[in-house]
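# Examination of the molecular architecture
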Amino acid sequence: MAVTQSPEYEVDLTTLVYSGETLGRLPDGRAVFVPYALPGERARIRLVEEKRRYVHAQLLEIIEPVAERIEPRCPHFTHCGGCHYQNMGYPHQLVAKTAILTDQLERIGGLREPPVQSAVSSPVSWNYRNHIQFHLCPTGGLGFQAPRSRVVVPVRECHLPEDMLNEVWPLLDIQPLSGLERVGLRLGVEDEVLIVCEGNDPSTIDFHLDLPFSAVYKTPEGVLLLAGDSYTVMKIRERMFRVSAGSFFQVNTGTTEKMVAHLLGNLDLKPDTVLVEAYCGVGLFSAFLAPHVGHLIGIESDPGACDDFVGNLDEFDHVTLYQASTEDVLPHLDLHPDIVLVDPPRIGLGRQNLDAILSLQPDELVYISCDPATLGRDARRLTTGGYLLHQITPFDMFPQTYHIESISFWKKGK
């Protein structure tokens, strides 16, 4: 039986979009999204997924490259799905991310000329990650999932983790055990490393550690301590934070410190300020805001992160923590906060949380976003609810990738 080959085309590419791909047009007018190409280039492509109005394509060849194209640093680039912009110089990455954030707010959020500031760079554009997570290859060893696929690509090097992590992970001898799915490493103060094995059946693991590090096995039922401690101590602006194995923490220490400074420099905090922080996690931002306000209320659903929060902010008597989902707390708060700060996951706030915030009527909303598409969606509802976008700044938490972190300040309209 003859196998039908997907059609190939030559296309001119015009615009980077929020996905790490570049937009072009097929002869029939449909939008085509091509990875690893740059605006202004002409490329030969093969269609891999067709929809009625758009298609996704595989890049076969760059026919006419642009001057901005550079040689990728990593041999796994385009094979593993971790990086998207290694073919672009770092200053161009920052310009691209600023333009993409602006486009998402205009096109999805309906905002005209949003006040987007220039992207704040990461202090380093390589070896910045204090946390890295690998998938297991079917034959053993560590790897990352291929682009738009669950296939695990084995890797022998990665240029995103901090230097200490890059010294450690190649030493791990991981066998393909039943139930073991992922292995993560987090770097703390004094080069302490926490190894987090994740899976669904800890009884199958045979674990031996000859390195002076900590290790846990994380399952849906809980965390099993294998060696050392079940947490890491992280440092931001000389302040220490306990971070349990299952707790979220920002992966780029230098950019996180810039975000903290940005919050402190732009918020009008007073001794009588009432501040609500939803999705407060281990208390990273709360710890720096609490000394400047009269009452801080944190909301977090993850039990481990709540335990960390209590320990990290134990010195403050005017801090209250609700261990519950934001959806269960915000609608029932009987107060008028001066400021609401939210740091939701990629899915954004959603209608229920937005309605609750609009009912609380804070004077100011601070929205820390890691996804400009869901931010754009939520921006439309905030604008309809009477809030005005005062300022938004992208922060490059993830150099070499398409991901965009941002902090936006919304003020209640007159």
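Reference entry: report on the structure contained in this document. In this numbering scheme, every chain counts its residues from 1 along its sequence in written order. Only residues with pLDDT of 70 or above have their local features reported here, since the model is predicted, and side-chain atom pairs are shown and tallied only from 80 upward, although totals for entire chains, interfaces and linings are computed over all residues. As a convention, hydrogens and water are excluded, and side-chain values are obtained from all of the structure's heavy atoms.

A pair of strands is considered paired only if DSSP assigns at least 2 bridges between the two. Note on conventions: DSSP H or I runs of at least 4 residues are helices, E runs of at least 2 residues are strands, and numbering of each starts at the N terminus. With respect to topology, five strands assemble into a closed barrel ordered 1-2-3-5-4, the strand pairing being mixed. The sheet shows a mean angle of 50° between the axes of neighbouring strands, taken without regard to direction. In terms of strand pairing, strand 2 (residues 21–25) meets strand 3 (residues 31–35) through five bridges, oriented antiparallel. Its bridge partner being in strand 3, Leu-23 is matched across the sheet by Phe-33. Only the stretch in contact is used when fitting a helix axis, every axis being a line fitted to C-alpha atoms; angles between N-to-C directions are given from 0 to 180 degrees.

For strand 9 (residues 180–187), a buried count of six out of eight residues is recorded, marking the element as mostly surrounded by other parts of the structure. As paired strands, strand 9 and strand 10 (residues 193–199) are joined by seven bridges and run antiparallel to one another. Note that in strand 10 the partner of Leu-185 across the bridge is Ile-195. Here strand 9 folds back onto strand 10 in antiparallel fashion, the turn holding five residues, of which Glu-190 has a positive phi close to 55°. Each residue is assigned to one of three classes by its accessible area relative to the maximum for its type, calculated with a 1.4 Å probe on protein chains only: buried under 20%, partly exposed between the two thresholds, exposed over 50%.

What follows covers helix 3 (residues 253–266). The end-to-end C-alpha separation of helix 3 is 20 Å, in line with the 20 Å expected for 14 residues at 1.5 Å each. What helix 3 keeps buried is the set Thr-255, Thr-256, Met-259, Val-260, His-262 and Leu-263. Down the axis of helix 3, the buried set is contained in an arc of 160°. They therefore lie on one face. We define a polar contact as two N or O atoms separated by no more than 3.5 Å, with the added condition that, inside protein, one atom must be a possible hydrogen donor and the other a possible acceptor, whereas residues neighbouring each other in sequence contribute only through side-chain atom pairs. Its side-chain oxygen at 3.3 Å from the backbone nitrogen of Gly-254, Asn-252 defines the N-terminal cap of helix 3. Each residue after the first adds 1.5 Å to the expected span of a helix. Along the arc lie the directions from the helix axis toward the C-beta atoms.

Within the chain, Thr-78 stands out as a residue other than glycine whose phi angle is a positive 80°. Its place among the elements puts Thr-78 in the loop between strand 5 (54–64) and helix 1 (90–107). In this structure, Asp-191 takes a positive phi of about 60° despite not being glycine.

Remark: helix 1 packs on helix 8 (residues 372–384), axes separated minimally by 8 Å, with the N-to-C direction vectors making an angle of 35°. Taken as a pair, helix 1 and helix 8 cross one another with a handedness that is right-handed. Across the interface between the two elements, Leu-101, Gln-104, Leu-105 and Arg-107 from helix 1 touch Pro-372, Ala-373, Leu-375, Gly-376, Ala-379 and Arg-380 from helix 8. Crossing chirality is assigned from the near helix's rotation relative to the far helix, an anticlockwise turn below a right angle marking it left-handed and a clockwise turn marking it right-handed. Contact criterion: two residues are considered in contact whenever any of their non-hydrogen atoms come within 4.5 Å of each other.

Here the focus is the packing of helix 7 (residues 350–360) against helix 8. To characterise two packed helices, one gives the angle between the axes of the helices and the distance between these axes. With their axes 10 Å apart at the nearest point, helix 7 and helix 8 run at an angle of 35° to one another. For the pair helix 7 and helix 8, the crossing hand works out as right-handed. Counted together, Gly-350, Arg-351, Leu-354, Asp-355 and Leu-358 of helix 7 and Arg-377, Asp-378, Arg-381 and Leu-382 of helix 8 form the full contact between these two elements. Split by residue class, the contact of helix 7 with helix 8 holds three nonpolar, one polar and five charged. Gly falls in the polar group here, along with every residue not listed as nonpolar (Ala, Val, Leu, Ile, Met, Phe, Trp, Tyr, Cys, Pro) or charged (Asp, Glu, Lys, Arg).

Attention now goes to the sheet that holds strand 19 (residues 364–369). Pairing is mixed across the open sheet formed by seven strands, whose spatial order is 17-16-15-18-19-21-20. The open sheet is flanked by strand 17 (319–323) and strand 20 (387–395), the only strands paired with a single partner. Along the sheet, successive strands turn relative to each other by an average axial angle of 15°, direction set aside. In this structure, strand 16 (residues 295–300) lies alongside strand 17, joined through five bridges in parallel fashion. The partner of Ile-297 across the bridge, within strand 17, is Thr-320.

In this section: helix 5 (residues 303–312). Among the residues of helix 5, Ala-305, Cys-306, Asp-308, Phe-309 and Asn-312 are the ones counted as buried. Buried residues of helix 5, seen end-on, are gathered within an arc of 160° and therefore sit on one face of the element. Considering only its buried residues, helix 5 is in contact with strand 14 (239–244), helix 4 (284–289), strand 16 and strand 17. In this structure Asp-302 caps helix 5, since a side-chain oxygen of it lies 3.3 Å from the backbone nitrogen of Gly-304.

Leftover empty space is mapped by rolling, across the atoms, a probe with the size of a water molecule. Taken as a whole, the second largest pocket holds about 390 Å³ of empty space. Detection works on a 1 Å grid of protein atoms alone, calling trapped sets that fit a 1.4 Å probe cavities and calling open sets with protein on both sides within 12 Å along at least five of seven lines pockets, with lining residues defined by an atom within 4 Å of a point. Lining the second largest pocket are 17 residues; nearest its centre among them are Asp-173, Ile-174, Asp-206, Phe-207 and His-208. For the lining of the second largest pocket, the secondary-structure elements that each account for two or more residues are strand 9 and strand 10. Of the residues that constitute the lining of the second largest pocket, the class distribution is twelve nonpolar, two polar and three charged. Grid points are joined across faces, edges and corners, and a volume is the space filled by probe spheres set on the points.

If you look at the biggest cluster of nonpolar residues, it comprises 68 residues, and the most contacted ones within it are Leu-185, Val-193 and Leu-263. Apart from residues no more than four positions distant in its own chain, Leu-263 is found in contact with Phe-285, Leu-341, Val-366, Ile-368, Ile-407 and Phe-409. What is meant by a nonpolar core is a set of buried Ala, Val, Leu, Ile, Met, Phe, Trp, Tyr and Cys residues, joined one to another through side-chain atoms within 4.5 Å. Leu-111, Val-329, Leu-365 and Tyr-367 belong to the second-largest nonpolar core, a separate cluster that totals 29 residues.

Structurally, Ser-214 can be placed in strand 11 (residues 214–219). A relative accessible area of 12% places Ser-214 in the buried class. A polar contact is formed between the side chain of Ser-214 and the backbone nitrogen of Asp-229, at a distance of 2.9 Å. Discounting chain neighbours no more than four positions away, the residues touching Ser-214 are Val-193, Leu-194, Ile-195, Ala-227, Gly-228 and Asp-229.

The subject of this paragraph is the pairing of strand 14. Of the strand pairs in this sheet, strand 13 (residues 231–236) and strand 14 are connected by six bridges, and their pairing is antiparallel. From the neighbouring strand, Thr-232 faces strand 14, where its bridge partner is Val-243. Linkage of strand 13 to strand 14, two consecutive antiparallel strands, is achieved through a turn of two residues, within which Arg-237 is found at a positive phi near 50°.

The subject of this paragraph is the packing of aromatic side chains. Put simply, two rings from Phe, Tyr or Trp (the six-membered ring, in Trp's case) pair if the centres are within 6.5 Å, and we call them stacked under 30 degrees between planes, edge-to-face over 60, tilted for the rest. Enumeration according to the criterion identifies seven aromatic pairs in this entry. Centre to centre, the rings of Tyr-36 and Phe-77 are 5.1 Å apart; their planes meet at 75°, and the pair counts as edge-to-face. Here Tyr-36, found in the loop between strand 3 and strand 4 (42–50), pairs with Phe-77, found in the loop between strand 5 and helix 1; they are 41 residues apart in sequence, far enough to count as distant. The buried category is assigned to Phe-77, whose relative accessible area is 8%. With a centroid separation of 4.9 Å and 25° between ring planes, the pair formed by Phe-134 and Phe-144 is classed as stacked. Linking Phe-134 in strand 6 (residues 131–136) with Phe-144 in strand 7 (residues 142–145), this pair joins segments that are ten residues apart in sequence. Look at NZ for Lys and CZ for Arg. If either is within 6 Å of the ring centre and within 35 degrees of the ring normal, a charge sits over the ring. For the cation-ring pair, Arg-242 lies above Tyr-231, with the distance from its terminal atom to the ring centre recorded as 4.3 Å.

Shape descriptors only; they carry no functional weight alone.
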